Amino acid sequence: MSHYDVVINGGGMAGAVLALGLSQLKHKNGQPLRICVIEHASPNLSDHPGFDARSIALSADSHQALVKLDLWELIADLVSPIHAIQVTDQGHLGQVNMYAHDYALAALGYVVELHPVGLRFYQQLQQIPNIDLLCPATLSSWQQYPDKVELQCANGQRLSCQLLVGADGSHSMIAQQLNLERRALDYQQNAIIANVQTQLAHQGRAYERFTSQGPLALLPMSQQRSALVWCVSPKQSKVLMDMNERDFLDALQREFGYRLGKITRTGLRTCYPLHLNEVVRPWHHRVVLIGNAAHLLHPIAGQGFNLGLRDVVALIETLKEALMTPQVNDGQRENTSDLGAYSLLSRYGQSRVDDQRELVAITSGLALLFSNSDPLLSMSRNAGLMTVAACRSLKSKLAWRAMGKR
Ligand SMILES: Cc1cc2nc3c(=O)[nH]c(=O)nc-3n(C[C@H](O)[C@H](O)[C@H](O)COP(=O)(O)OP(=O)(O)OC[C@H]3O[C@@H](n4cnc5c(N)ncnc54)[C@H](O)[C@@H]3O)c2cc1C
């Protein structure tokens, strides 16, 4: 049985970045950590559960975090900067515009396509000597003991570790087995995503538009494409998914308008049912949950992975501190630290709960407010946008949040 310091179940965005970040840490005796990533989907699959056709917006803070982890260079040629954000409500005057130069930033955030980013991360995971990437491999069972966790993969391979990290997404088997308290909600919405081509150049501007059908975002991508995320009722999503390309483009144009001229083409459309799934205290004996395994958010504010990345950074910092703190056992100084110690994991978990809870509240509140055609709500929304547009400090707060700051 192979023994590791940390086993990460799930090599999506959160698991892959955590493994690459942890690989730089060392025990007191200079030995690098031994890390294993178990991932059941091969990275080149176009329908990979973690690295599919989705494009996501990384906040300015996530950019900084990836720079610090030495991972930005790996993907820098795959990102498109967001220089401005425009927020509008269909049929109303209220409008908010935010510009990177107002905050002395090169960009408010960056858009990345997950599929090519996933391929880059996998190449890197395969090259680092202290990471074992088991892929394709599926974790089938695991058991907690006082001093370790033992795991078994579906192919019979057995491993053990000090710390098990559940980075296995919203259907996490680690979370299911722990049976921790969770908050769940079906938003009764689906997100349709597609890459679209427009007549006019986006010039690095992201659009968030609240329409009668639901919130719609267009994020700037390479080759003058924009990434569409359109949240609609399940019934409406079926209609939109069944349309031919021409009818779909017409429907989109009606909702989005002509800010980018004519919307001329769309790529493959994919549909995601939207749920909230939040584990209230995502840690346990020798186990922590990160990323979507701990919190699945509504994509309305584009914050799911940004929050997951803050989990990753906080966990790396907590483990790094533990590795630097001298540990004494029976009067003897130890050369290694117990990375699965409950006190450590609880410290990590406590440091994350407020951020997680706050973002769940913000995204759920926004999803409710902006997916409702009630005239009163719609009026207050419009008044809200006008107030934000007029009030510099409120606008700064909104921009600050979009950049990932609290
Ligand atoms: C439409 C949409 C738009 C979004 N836009 C944004 C955005 O703009 N900004 C943003 O920050 N976030 C956004 N998000 C959220 C973001 O995509 C996710 O938060 C992020 O990709 C989740 O990464 P993860 O690694 O936590 O989980 P996942 O991507 O779900 O990865 C989990 C991995 O675990 C593996 N796995 C699962 N079970 C097992 C097992 N038993 N054994 C082995 N492997 C296993 C899976 O194969 C998968 O690779 C968006 C999401 C959606 C749906």
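Residues numbered from 1 in each chain as written. Predicted model: local features only at pLDDT ≥ 70, side-chain atom pairs only at ≥ 80, totals over all residues. Heavy atoms only, no water.

Under the annotation held in an unreviewed UniProt entry, the chain carries the name 2-octaprenyl-6-methoxyphenyl hydroxylase and is attributed to Oceanisphaera avium. One UniProt comment on the chain, placed under Cofactor (unreviewed entry), says "FAD". Taken directly from UniProt, the Sequence similarities (unreviewed entry) text for the chain runs: "Belongs to the UbiH/COQ6 family." (UniProt positions renumbered as here; feature names shortened; annotations may be inferred.)

So what exactly am I meant to see when it comes to the pairing of strand S12 (residues 182-198) here?
When a strand is regular, its side chains alternate between the sheet's two faces. Across 10 bridges, S12 lies against strand S17 (residues 270-279) in antiparallel orientation. By the bridge assignment for S17, Arg182 is matched with Val279. Across eight bridges, the pairing between S12 and strand S15 (residues 225-232) is antiparallel. Within S15, the position partnered with Gln197 by the bridge is Arg225. Note that S12 and strand S16 (residues 263-266) share three bridges and pair antiparallel. Looking at the pairing, Thr198 lines up with Ile263 of S16. (Pairing = 2+ DSSP bridges. Helix = DSSP H or I, 4+ residues; strand = E, 2+ residues; numbered from the N terminus.)

Would you take a moment to explain helix H2 (residues 60-68) for this structure?
Every α-helix winds through 3.6 residues per turn, so residues three or four apart in the chain are directed the same way. Of all the positions in H2, only Ala60, Ser62, His63, Ala65 and Leu66 are classed as buried. Asp70 sits one or two positions beyond H2 and adopts a positive phi of about 60°. (Buried < 20%, exposed > 50% of the residue type's maximum accessible area, 1.4 Å probe, protein only.)

What exactly am I supposed to notice about the site of the ligand here?
The environment of the ligand is formed by 32 residues, the closest being Glu39, Arg54, Ala57, Asn292 and Phe305. The backbone of Asn292 places a nitrogen or oxygen atom 2.8 Å from an oxygen atom of the ligand. Backbone polar atom of Gly302 to a nitrogen atom of the ligand: 2.9 Å apart, as the coordinates give it. Taking 1,000 Å² as the accessible area of the ligand by itself, protein coverage stands at 91%. Broken down by secondary-structure element, the contributors of at least two residues to the shell around the ligand are helix H1 (13-22), strand S3 (55-59) and helix H8 (304-324). Of all the elements, H8 adds the most residues to the shell around the ligand, at three residues. For the shell around the ligand, the residue count by class is 15 nonpolar, 14 polar and three charged. (Near = heavy atom within 4 Å. Polar contact = N/O pair within 3.5 Å; in protein donor to acceptor, adjacent residues only side chain to side chain. Areas by Shrake-Rupley, 256 points an atom, 1.4 Å probe, with all protein chains shown as cover. Nonpolar A, V, L, I, M, F, W, Y, C, P; charged D, E, K, R; others polar.)

What should I look at first to understand the pattern of salt bridges in this one?
Note that side chains of opposite charge can pair when their charged atoms are close. As enumerated under the stated definition, the model contains 14 salt bridges in all. The closest approach of N and O atoms between Asp77 and Arg120, which form a salt bridge, is 2.8 Å. Here Arg120 lies in helix H4 (residues 114-127) and Asp77 lies in the loop between helix H3 (72-75) and strand S4 (79-82), a separation of 43 residues in the sequence. Here Asp77 falls in the exposed class, since its relative accessible area comes to 56%. Take Arg120: its relative accessible area is 23%, and that puts it in the partly exposed class. The partner of Asp355 in a salt bridge is Arg310, and the shortest N-O contact between them spans 2.6 Å. Within this pair, whereas Asp355 is found in helix H9 (residues 342-369), its partner Arg310 is found in helix H8, the two being separated by 45 residues in sequence. Since its relative accessible area comes to 2%, Asp355 is described here as buried. We classify Arg310 as buried; its relative accessible area is 17%. A cluster of three or more residues bridged by salt bridges with shared partners is formed by Arg310, Asp311, Arg352 and Asp355. (Salt bridge = Lys/Arg side-chain N within 4 Å of Asp/Glu carboxyl O.)

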